[in-house]
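Descriptive analysis of the structure
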Amino acid sequence: MIDGFMVGLAAFSSWQVLLGLFAGVVIGYVVGALPGLSAGVGMALLIPFSFGLDPIVSVVMLITLYMASEYSGAIPAILVNTPGEPSSAITALDGYPMRQKGEAGQALTLSILGSAVGSVLSTILLIFTVSWMTRFALAFGPAEYFAITVLGLSLISTLSGDSLTRGIIALLFGLLLTTIGTDPVDGIPRFAIVEGFLSGVPFVSALIGLFALSEVLRMLETTDEPVKPLRHIPSVAGQFKLIRPHSWNMIRSTLVGYVVGVIPGAGASIASLIAYSIQRSVSKSPETFGKGNPEGVVAAETANNSCMPGALAPMLALGIPGKASTAVLIGALAIHGVQPGPLIFERHPEVPYSIYIALLAGMPFMVVLGLYGTRLWVRLTQISPGVITAIVAATCLLGTFSESKDIFSVWVAVGFGVVGYILQKVRIDPAPIVLALVLGYLMESNFRRAMVMSGDEISIFYTQPISMICLVISVIVFFLPILPSFRRRKAELEH
Amino acid sequence: MHKDQDETHGHAPPDAATLSLSLEISDIAVGLALAALAGWFFFQASILPDFSGTAIGAADFPKGLAALLGVTSIIFAGAGVRRIVSGRLGERVSVRQPMRVLLGIVLLIAFPFMMDAFGYYIAMAIFLSAFLYVANRRNPIAIVLYVGGFLLFTKLVFEMMLGTPLP
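Everything numeric in this text was worked out from a predicted model, so none of it was measured.

Considering the overall build of chain A
Helices and strands together make up the secondary structure of chain A, namely 24 helices and 2 strands. Relative to the compact-globule value of 23 Å for 495 residues, chain A shows a C-alpha radius of gyration of 22 Å, a close match. Based on the C-alpha atoms only, the size of chain A along its principal axes is roughly 70 × 65 × 45 Å. The 495 residues of chain A split such that 63% are buried. The long-range share in chain A, meaning contacts at least 24 apart out of those at least 6 apart in sequence, stands at 79%.

A few points about the overall build of chain B
Each helix and strand counted, chain B has 5 helices and 2 strands in total. The order of helices and strands in chain B, counted from the N terminus, is β-α-α-β-α-α-α. In chain B, which comprises 167 residues, the share counted as buried stands at 29%. For chain B, contacts bridging at least 24 residues in sequence account for 62% of all contacts bridging at least 6.

Concerning the interface of chain B and chain A
Listed by partner, the interface residues are 62 residues for chain B and 53 residues for chain A. Mapped onto the side of chain B that touches chain A, the elements with two or more residues apiece are α1 (23–46), α2 (60–85), β2 (92–96), α3 (98–118), α4 (120–134) and α5 (140–161) of chain B. Broken down by class, the residue content of the side of chain B that touches chain A amounts to 41 nonpolar, 15 polar and 6 charged.

Considerations on the domain arrangement of chain B
Bring the parts together and some accessible area is lost; that lost area is often taken as the interface size. The assigned domain composition of chain B is domain 1 (18–95) and domain 2 (97–161). A separation of 36 Å is found between the C-alpha centroids of domain 1 of chain B and domain 2 of chain B.

Re the packing of helix α19 (residues 385–404) of chain A against α4(B)
Relative to each other, α19(A) and α4(B) sit at 155 degrees, their axes nearing to 9 Å. With respect to α4(B), the element α19(A) is oriented roughly antiparallel. Seen along the crossing, α19(A) lies across α4(B) with a hand that is right-handed. For the pair α19(A) and α4(B), contact is made by A:G386, A:A390, A:A393 and A:A394 and by B:M124, B:F127, B:L128, B:F131 and B:L132, respectively. Residues that form the contact of α19(A) with α4(B) fall into these classes: 8 nonpolar, 1 polar and no charged.

Brief notes about helix α1 (residues 2–12) of chain A
All names here are of chain A. Among the residues of α1, those classed as buried are G8, A11 and F12. Each buried residue of α1 sits inside an arc of 100 degrees when the element is viewed along its axis, so together they form one side. Away from its buried face by more than 90 degrees, α1 exposes I2, D3, M6 and A10. Packing partners of the buried residues in α1 comprise α2 (15–33), α4 (55–72) and α17 (350–372).

Some remarks on the packing of helix α3 (residues 39–50) of chain A against helix α11 (residues 203–220) of chain A
Residues and elements named next belong to chain A. At a minimum axis distance of 9 Å, the contact between α3 and α11 shows a crossing angle of 135 degrees. Here α3 is positioned oblique relative to α11, judged by the angle of their axes. Judged by the sense of rotation from one axis to the other, the crossing of α3 with α11 is left-handed. Where α3 abuts α11, its residues G40, V41, A44, L45, I47 and P48 lie against V204, L207, I208, F211, A212 and E215. Of the residues assigned to the contact of α3 with α11, the class counts are 10 nonpolar, 1 polar and 1 charged.

Quick word on unusual backbone geometry
The residue A:F191 is not glycine, and still its phi comes out positive at about 55 degrees. Locating A:F191 in the fold gives a position in the loop between β2 (189–190) and α11. A residue is classified by how many C-beta atoms lie within 10 Å of it, and A:F191, with 19 of them, is partly exposed. Although it is not a glycine, B:Q97 adopts a positive phi angle of roughly 50 degrees. Position of B:Q97 relative to the elements: it lies in the loop between β2 and α3.

A closer look at the confidence of the model for chain A
Of all residues in chain A, 91% have pLDDT values of 70 or greater, and the mean over the chain is 82. Mean pLDDT values for the elements of chain A range from 60 in helix α9 (residues 156–159) of chain A up to 92 in helix α20 (residues 407–425) of chain A.

Details of the environment of A:S163
Examined against the element boundaries, A:S163 turns out to sit in the loop between α9 and α10 (164–178). Residues A:S163 and A:P86, 77 residues apart in the sequence, show an inter-C-alpha distance of 19 Å.

Points about the environment of A:F447
Summarising the element assignment, A:F447 is placed in helix α21 (residues 431–453). Taking the C-alpha atoms as reference, A:F447 lies 25 Å from A:T165; in sequence the two are 282 residues apart.

Topic: the environment of B:P98
Residue and element names in this part refer to chain B. Relative to the helices and strands, P98 is located in helix α3. Under the C-beta neighbour-count criterion, P98 is labelled partly exposed, with 16 such atoms within 10 Å. Apart from the residues within four sequence positions on either side, P98 is in contact with A17 and L19.

A word on the confidence of the model for chain B
Keep in mind that low pLDDT regions are not for reading the predicted coordinates in detail. Residues and elements named next belong to chain B. When the pLDDT values of chain B are averaged, the result is 85; 89% of them are 70 or greater. Element-level pLDDT for chain B is lowest in strand β1 (residues 18–22), with a mean of 84, against a maximum mean of 95 in α4. Low pLDDT, under 50, characterises residues 1–11; the stretch is placed with 9 contacts to residues that sit more than four places away or in other chains.

Quick look at α2(B)
With 26 residues, α2(B) ought to run about 38 Å at 1.5 Å a step, and its terminal C-alpha atoms sit 37 Å apart, in line with that. Considered for burial, the residues of α2(B) that qualify are B:F61, B:P62, B:L65, B:A66, B:L69, B:G70, B:T72, B:S73, B:F76, B:A77 and B:G80.

The rules behind these values
Residues numbered from 1 in each chain as written. Chains lettered and ligands numbered in written order. Predicted model: local features only at pLDDT ≥ 70, side-chain atom pairs only at ≥ 80, totals over all residues. Helix = DSSP H or I, 4+ residues; strand = E, 2+ residues; numbered from the N terminus. Rg over C-alpha atoms; globule rule 2.2 N^0.38 Å. Buried ≥ 20, exposed ≤ 12 C-beta atoms within 10 Å, placed from the backbone. Contact = placed C-beta atoms within 7 Å. Nonpolar A, V, L, I, M, F, W, Y, C, P; charged D, E, K, R; others polar. Domains from an automatic or database assignment. Axes fitted to C-alpha atoms, helices over the stretch in contact; angles between N-to-C directions. Parallel < 35°, antiparallel > 145°, perpendicular 65-115°, else oblique. Left-handed = near helix turned anticlockwise from the far one by under 90°. Arc of directions from axis to C-beta. pLDDT = per-residue confidence, 0-100. Expected span 1.5 Å × (residues − 1).

What follows is the structure, given as C-alpha cells:
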C-alpha cells in the first residue's frame, strides 16, 4: 500500500493534476449550486472535455466534481429551499428554517465542515475496504465476472423507483443496445445499419444524450419560471470550532453514508435520509428537527458526502458500478483504456491511489472555496433558467463532437436525448440504461468465454462457488425491494 | 416568519400551454414502439451467420434480449390497456410549453446539418442564438453577449488549450 501511495503521489505531483483537481472542484460547485443540473449531468458533460487529458487528470477532475457538487447542492437548499442536488433535499428540512431564523451562515458553515469530515473519514474507510475486497476478487474468472455483472444489473430493482416493469424495460433496452457493433467473440458485425455503429453505440454520446440533453429538453418546459430573488447573502466565516459539538453526529453519519454508498443502488439521498432519521432518534431535542436544528444539517450533509467514497469501493475492487455516477466513471476510465477491477492495482496502480489522494487533497480546496466563495456560488442561483438551458445544450453538442471529432456522435447524442426525454415522461429512468451500457458488453463476453472454457456446460455458473454466491445474492438484491409491495397487495386483496 | 421573508411562495410558474395525455395512452404507445424495436432486433439476429461452433453464438444474446424486451413491452402496453378498460386511470403525462420543447428538438436535429454546411462557429452562433430565444431570452444584446462569450470560450479552451480543432 505504501508503494501504491508513492506511485499515486508521483502521478499527483504534476501541475496538470493539481489544476485538474482545482477545476473539478470549481465546476462541481457551479453544477451543484445550479438547480436543474446534477452531478451526473456535470460528469457526463466533463467527460468529452477530459478526453484529450491524461487519465489521472480526467479521473481527478471527475471525482472532485462529484464531491464538490454533492456539497454545493446544499447552498440553494439552505438559502432558497431549492435543493441543487437531490440529496440536498434532506438538508433543506433544517437548513432553510435556520436561514429563516437568521442562521444561514452557521448552516452553510456546518454543511461544508460536515461534508469535509465525512469525505475524509470515508476515504480512509475506502482505502482499507478496497484492499480487502481486491484480494478476494483476484480469484475471479469469466464465470465469476459474469455473475458479478449480473449482480450489478440486479440493482435495477433499487434504481427503478416505484415501477419494476419500467426499470426492467430500461435495462433490457440498454442491454440490447450493447449488442450493436462487433460480436465480442466471433468478431462479426451485428445491427450496424450505419458504419458508425461498427464499433458499437458511442458510450459518451449516449451518456450525454440520456443524462444531459434529455434534461435540457425538460428544462425548456420551465424557462419562464421566475428566479427566486435573494435579498441578503449571508457571510460565512471559518468557524471550525462548530465541529466539536457535532463530532459524534459526524462520525455516525459518515459510517451510515459509507455503508449505504457501498450497497449497489442506494444513493446519497438514501444516505442523507437514514443519517437524518438516526440523528433525530438519538437527539436530546427531536421535536426541533424540521424547525432549524443544526444537527439535521450536519447529519444529512456528512452522510451524502460520505456516500461517494463508499460507491468507489465496488467500482475499484470489482469493476461494477453501484450507481449511475460510478457507471460514468467506469465509462471515463474505459475511454482511457483503464478497466476498473482487481487488476487495476497491478496494471494501473496510479489510478486508484490518485483517486484516494484526490479525495483527501481535494477537501481543503473544497472547504476554502465553500467558506469564502459562498457569495459567488449564491449568485449562480440567480442565473436565468433559460440561459442555463441554452448553455448546457451548446456544451453538450460541443463536448460530444470534440470527444469523437465525428458528426455521427452528435447525431447519437441528439437521438438519445430525445429518446431519454420521452422515456422520462413515461417514468422510465435513464439510470438503468446507462448501467446496462456499461455492463452489457462485459456480461455477454464473460458469459460466452465461460461457456467456451467449460465446453458449453452451463453448470460452470453454479459449480464455481463465487459465481453461485453472486448469482444467489443477485436474486435476493433483485427481489428484496419489491417484497414490501407484494405484501401490500396481498394485504389489500385480503381486506 | 413575516411574509416578506418568505421567498418560497408567490413565485409559482406562470400559466402556460400544456400538452397532457393519460399515462396509460403513453405507456401503450411506448410499449408498442419498444416491442416493434425488439421485433426488428430479433429478426436481424436470426439472419446473422454463426461461425462460433459453440452452443452460444453471435445471435443468441441479442435474440434472448430482444425476446425478453418484446414480451416485457407487450406486458407494459397491456397493463395500460387493462387500466383504461377497468377505468382505473391514474396520472397524466404533461409537457408544459410543448412548442418550446418541439423547437428545441428541431434545433438540436438541425445543428449537425448546419455544422456540416457552415462549420462549427457559424452553426453554433445560429444554434445558440435561436436556442436562447426559444428558452425565453429575448434581449438581443444579451443574446449577442452570451453567444460571443461561448464562442470565445470554445476558441480559448478547445482550440488553443486542448488543441482540438473544430471545423
